[in-house]
Amino acid sequence: MTASTPDPDPDTTPGLEPGGSVVPGDTPPVESSTSGASDRQPPTGSTGANWVAYAVVGVAVVLVGLFFVGYVVGLAD
(Lines give C-alpha, C1' and ligand atoms only; values in the text may rest on other atoms or scores of the structure.)
Protein backbone atom coordinates (compact mmCIF):
# COMPACT_ATOMS: atom_id res chain seq x y z
CA MET A 1 0.00 0.00 0.00
CA THR A 2 1.49 3.34 -0.99
CA ALA A 3 0.77 6.57 0.78
CA SER A 4 -0.67 9.34 -1.34
CA THR A 5 0.28 12.95 -0.81
CA PRO A 6 -2.20 15.83 -0.97
CA ASP A 7 0.06 17.58 -3.49
CA PRO A 8 -0.99 17.27 -7.14
CA ASP A 9 1.19 15.26 -9.45
CA PRO A 10 2.96 17.72 -11.81
CA ASP A 11 2.85 15.14 -14.61
CA THR A 12 -0.96 15.09 -14.59
CA THR A 13 -1.66 18.75 -13.77
CA PRO A 14 -3.37 20.36 -16.77
CA GLY A 15 -2.03 23.63 -18.15
CA LEU A 16 1.62 23.14 -17.22
CA GLU A 17 4.35 23.31 -19.82
CA PRO A 18 7.39 21.00 -19.66
CA GLY A 19 9.45 23.43 -17.54
CA GLY A 20 6.67 23.80 -15.01
CA SER A 21 5.50 27.18 -16.25
CA VAL A 22 1.91 28.02 -17.05
CA VAL A 23 0.56 28.58 -20.53
CA PRO A 24 -0.04 32.33 -21.16
CA GLY A 25 -3.68 33.21 -20.58
CA ASP A 26 -4.25 30.15 -18.40
CA THR A 27 -4.26 32.10 -15.15
CA PRO A 28 -7.02 34.57 -14.34
CA PRO A 29 -6.17 38.13 -15.41
CA VAL A 30 -7.04 39.61 -12.02
CA GLU A 31 -6.87 37.63 -8.81
CA SER A 32 -8.43 38.76 -5.59
CA SER A 33 -6.33 39.34 -2.52
CA THR A 34 -6.86 37.66 0.82
CA SER A 35 -5.37 40.54 2.80
CA GLY A 36 -8.67 42.28 3.43
CA ALA A 37 -12.00 41.15 4.73
CA SER A 38 -14.56 40.45 2.04
CA ASP A 39 -17.54 41.23 4.24
CA ARG A 40 -18.21 43.06 7.46
CA GLN A 41 -17.03 41.14 10.47
CA PRO A 42 -19.44 40.25 13.29
CA PRO A 43 -19.33 42.51 16.33
CA THR A 44 -16.98 41.45 19.08
CA GLY A 45 -17.95 40.84 22.67
CA SER A 46 -17.98 43.50 25.34
CA THR A 47 -14.67 45.05 26.31
CA GLY A 48 -15.67 44.84 29.98
CA ALA A 49 -15.39 41.07 29.88
CA ASN A 50 -11.96 41.41 28.28
CA TRP A 51 -10.71 43.65 31.09
CA VAL A 52 -11.99 41.19 33.70
CA ALA A 53 -10.05 38.39 31.99
CA TYR A 54 -6.92 40.59 31.83
CA ALA A 55 -7.26 41.35 35.55
CA VAL A 56 -7.66 37.67 36.48
CA VAL A 57 -4.62 36.67 34.42
CA GLY A 58 -2.61 39.59 35.85
CA VAL A 59 -3.44 38.64 39.43
CA ALA A 60 -2.47 35.01 38.73
CA VAL A 61 0.87 36.12 37.24
CA VAL A 62 1.61 38.34 40.25
CA LEU A 63 0.73 35.56 42.70
CA VAL A 64 2.95 33.05 40.90
CA GLY A 65 5.75 35.62 40.83
CA LEU A 66 5.39 36.24 44.57
CA PHE A 67 5.44 32.51 45.20
CA PHE A 68 8.75 32.13 43.38
CA VAL A 69 10.25 35.19 45.07
CA GLY A 70 9.22 33.77 48.45
CA TYR A 71 10.69 30.42 47.52
CA VAL A 72 14.02 31.96 46.54
CA VAL A 73 14.12 34.10 49.72
CA GLY A 74 13.35 30.97 51.76
CA LEU A 75 16.32 29.19 50.19
CA ALA A 76 18.61 32.08 51.05
CA ASP A 77 18.07 31.64 54.80
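A brief report on the enclosed structure follows. (Residues numbered from 1 in each chain as written. Predicted model: local features only at pLDDT ≥ 70, side-chain atom pairs only at ≥ 80, totals over all residues. Heavy atoms only, no water.)

Some details on the overall build of the protein chain
Scanning the protein chain from terminus to terminus reveals one helix and zero strands. For the protein chain, the residues scored as buried account for 0% of the 77 residues in total. Taken as a whole, the protein chain presents about 7,400 Å² of accessible surface, with 65% of it coming from carbon and sulfur. (Helix = DSSP H or I, 4+ residues; strand = E, 2+ residues; numbered from the N terminus. Buried < 20%, exposed > 50% of the residue type's maximum accessible area, 1.4 Å probe, protein only. Areas by Shrake-Rupley, 256 points an atom, 1.4 Å probe, with all protein chains shown as cover.)

Describing the packing of aromatic side chains
Inspection of every chain in the model, using the stated rule, returns two aromatic pairs. Relative to Tyr54, the ring of Trp51 has its centre 5.3 Å away and its plane inclined at 85°; by these criteria the two rings are edge-to-face. You can see Trp51 and its partner Tyr54 sitting in helix α1 (residues 47-76), three residues apart, about one turn around the helix. Residue Trp51 is classed as exposed on the basis of its relative accessible area, which comes to 60%. Note on Phe67 and Phe68: the rings are 5.4 Å apart at their centroids and 70° apart in plane angle, and the pair reads as edge-to-face. Classification of Phe67 as exposed rests on a relative accessible area of 53%. (Phe/Tyr/Trp six-rings, centres within 6.5 Å; stacked < 30°, edge-to-face > 60°.)

Focus on a nonpolar patch on the surface
A surface patch of nonpolar side chains, amounting to about 660 Å² of accessible area, comprises Val64, Phe67, Phe68, Tyr71, Val72 and Leu75. As for its position among the elements, Phe68 is in helix α1. (Patch = residues over 30% accessible without salt bridge, like charges linked within 9 Å, V, L, I, M, F, W, Y side chains within 5 Å. Salt bridge = Lys/Arg side-chain N within 4 Å of Asp/Glu carboxyl O.)

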